[in-house]
Every structure is written in C-alpha cells, then in structure tokens.
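# Structure at a glance
This is what each chain is made of:
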Amino acid sequence: QVQLVESGGGLVQPGGSLRLSCAASRIFSFRDYEMSWYRQRPGKQRDLVARITSGGATNYADSVKGRFTISRRNSKNTAYLQMNSLKAEDTAVYYCSAKKLSTYWGQGTQVTVSS
C-alpha cells in the first residue's frame, strides 16, 4: 500500500511563503504517478490546487496561478508545493495524492494564513 506523508504546513502571515512536501513510500516507480495537491477549507469540499503529470506537465487552480508552483523530484519519491504570496483564503488542510491505476492520499497538513 502506497503511503504519502505531507509536511511543511504551519502558521504564516499574509504575503508569506511555505513549501509543502509529500514523501511517498511503499511505491514502485514513483515517476509513473500523477501527483496532485488538494485543499479542504472548513465546511467545504476538497478542491484541486495543482497537478503534475508523470511527464512533468502542470496545471493549477485559477485561484493559485502565479503564486503556487508544483514540482517533483523522482529520485527522492517526493512532490512539492511552493506557496508564495499567501492569503487568508489559502487557509486549509492540504492533501497530496498519487494516482496511477488507483489513487492514494496522505493524511493532510494544516496551513493557516493569519496575522
């Protein structure tokens, strides 16, 4: 069973930056997986934030374009989400997922943007 562990969340002031990491284990051929970041605000559904394919193509939610960057390091079985110019509305639990034939999820990491 693939395991995903997110890290890097925390409390940051508006305008600040955070980098989230998603480390995969018990995974065969990490490079073949599509990796994504989702977020879930209180009382809301889980929404896609960013996705990176096995070939390196990326797409982003409109609300984060130009501020967030998704990347991956296949040699480390890790995906990243660099978040800049953070806003209060970015406050959420952030989850990573790995998808090939099945989709696997991490446990989430809290990001709070507040002064």
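Refer to the structure printed above.
Described in the following lines is the structure provided in the data block. Note that this is a predicted model, so its numbers are computed, not measured.

### Looking at the sheet that holds strand S8 (residues 78-83)
Read across the open sheet, the 4 strands follow the order S1-S3-S8-S7; overall the sheet is antiparallel. Each edge of the sheet is formed by a strand with only one pairing partner; in this case those strands are strand S1 (3-7) and strand S7 (68-73). The mean angle between the axes of side-by-side strands here comes to 15°, regardless of whether they run parallel or antiparallel. Inspection of the sheet shows strand S3 (residues 18-25) paired to S8 by 6 bridges, in the antiparallel sense.

### Observations regarding the pattern of salt bridges
This structure, assessed with the given rule, holds 4 salt bridges. A salt bridge links Asp90 to Arg39, with the nearest nitrogen and oxygen atoms 2.9 Å apart. Of this pair, Asp90 sits in the loop between S8 and strand S9 (92-99) while Arg39 sits in strand S4 (residues 34-40), and the two are 51 residues apart along the sequence. Accessibility assignment for this pair places Asp90 and Arg39 in one class, buried. In this structure, Lys65 engages Asp62 in a salt bridge whose closest nitrogen and oxygen atoms are separated by 3.1 Å.

### A few points about the pairing of S1
Looking along a regular strand, one sees side chains alternate from face to face of the sheet. Along S1, the buried face is formed by Leu4 and Glu6; none of Gln3, Val5 and Ser7, which line the opposite face, is buried. One ladder, built from 5 bridges, connects S1 with S3; its direction is antiparallel. Note that in S3 the partner of Glu6 across the bridge is Cys22.

### Details of the side chain of Ser21
Assignment of secondary structure puts Ser21 in strand S3. Not counting residues within four places of it along the chain, the set of residues in contact with Ser21 comprises Val5, Glu6, Ser7, Trp37, Thr78, Ala79 and Tyr80.

### Comments concerning unusual backbone geometry
Peptide bonds are mostly trans, and most non-glycine residues show a negative phi. Positive phi is not limited to glycine here, since Arg26 has a value of about 55°. Mapping Arg26 onto the fold places it in the loop between S3 and S4. Notably, Asn77 is not glycine yet its phi reads approximately 55°, a positive angle. Within the secondary structure layout, Asn77 lies in the loop between S7 and S8. Residue classification places Asn77 among the partly exposed residues on the basis of a relative accessible area of 24%.

### A look at the state of the cysteines
The tally for this structure, following the rule as stated, stands at 1 disulfide. Shown here is the disulfide that connects Cys22 with Cys96, its sulfur atoms set 2.0 Å apart. The sign of the 50° torsion about the S-S bond sets the Cys22-Cys96 disulfide as right-handed. Within this pair, whereas Cys22 is found in strand S3, its partner Cys96 is found in strand S9, the two being separated by 74 residues in sequence.

Reading the values: the criteria
- Residues numbered from 1 in each chain as written.
- Predicted model: local features only at pLDDT ≥ 70, side-chain atom pairs only at ≥ 80, totals over all residues.
- Heavy atoms only, no water.
- Pairing = 2+ DSSP bridges.
- Helix = DSSP H or I, 4+ residues; strand = E, 2+ residues; numbered from the N terminus.
- Axes fitted to C-alpha atoms, helices over the stretch in contact; angles between N-to-C directions.
- Salt bridge = Lys/Arg side-chain N within 4 Å of Asp/Glu carboxyl O.
- Buried < 20%, exposed > 50% of the residue type's maximum accessible area, 1.4 Å probe, protein only.
- Contact = heavy atoms within 4.5 Å.
- Disulfide = S-S within 2.5 Å.

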